[in-house]
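# Summary of the model geometry
Here's the letter readout for the chains.
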Amino acid sequence: MQRKVRAVYYCRVSTDDENQATSMINQKQESARVIQENGWELVDWYIER
């Protein structure tokens, strides 16, 4: 039996600019999409602002 790959995503923005808020949402969505498409198991995430 093969074990699922365990994945963690890390999102970061460097400023409080409104455009960066959208970037954070996009990073989270893209990370979740890649993890799901590959059948990996999301075990944690890190958000840095």
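Residue positions are given per chain, counting from 1 as you read along its sequence in written order. Predicted model: local features are reported for residues with pLDDT of at least 70 only, side-chain atom pairs are reported and counted for 80 or more only, and whole-chain, interface and lining totals are derived from all residues. Hydrogens and water are ignored here; the side-chain numbers use all heavy atoms of the structure.

## What to know about the pattern of salt bridges
Salt bridges are counted wherever a side-chain nitrogen of Lys or Arg sits within 4 Å of a carboxyl oxygen of Asp or Glu. This model, assessed by the stated rule, comprises three salt bridges. Ionic pairing is found between Arg12 and Glu48, a salt bridge with its closest N-O pair at 3.4 Å. Of this pair, Arg12 sits in strand 1 (residues 6-12) while Glu48 sits in strand 2 (residues 41-48), placing them 36 residues apart in sequence. Between Arg33 and Glu30 there is a salt bridge whose closest N-O contact spans 2.5 Å. A residue pair is termed a helical-turn pair when its members lie 3 or 4 positions apart in one helix, as Arg33 and Glu30 do in helix 1 (residues 18-37) at three residues. Overall, Arg33 belongs to the partly exposed group, its relative accessible area being 36%. Three labels apply to residues, based on accessible area from a 1.4 Å probe with only protein chains included: buried if under 20% of the type maximum, exposed if over 50%, partly exposed otherwise in between. Residue classification places Glu30 among the partly exposed residues on the basis of a relative accessible area of 40%. A network of salt bridges, in which partner residues are shared, links Glu30, Arg33 and Glu37. Each helix is a run of DSSP H or I of at least 4 residues and each strand a run of E of at least 2, with the numbering of both proceeding from the N terminus.

## Quick notes on helix 1
One less than the number of residues in a helix, times 1.5 Å, gives the span that helix is expected to have. Between its first and last C-alpha, helix 1 extends 29 Å over 20 residues, near the 28 Å set by a 1.5 Å rise per residue. Structurally, helix 1 contributes buried residues whose contacts are with strand 1 and strand 2. Of the residues trailing helix 1, Gly39 is marked for its positive phi of about 70°. Any two residues having at least one pair of non-hydrogen atoms within 4.5 Å are treated as being in contact.

## Observations regarding the nonpolar core
In summary, soluble globular proteins display a tendency toward joint burial of nonpolar side chains. Within the largest apolar cluster, six residues are counted, these being Ala7, Tyr9, Cys11, Val13, Met24 and Ile35. For this core, the secondary structure elements donating two or more residues are strand 1 and helix 1. In contact with Val13, other than residues within four places in its own chain, are Gln20, Ser23, Met24, Gln27, Glu48 and Arg49. Put simply, buried Ala, Val, Leu, Ile, Met, Phe, Trp, Tyr and Cys residues joined by side-chain atoms within 4.5 Å make one nonpolar core.

Honestly, it's all geometry; don't read function into it.
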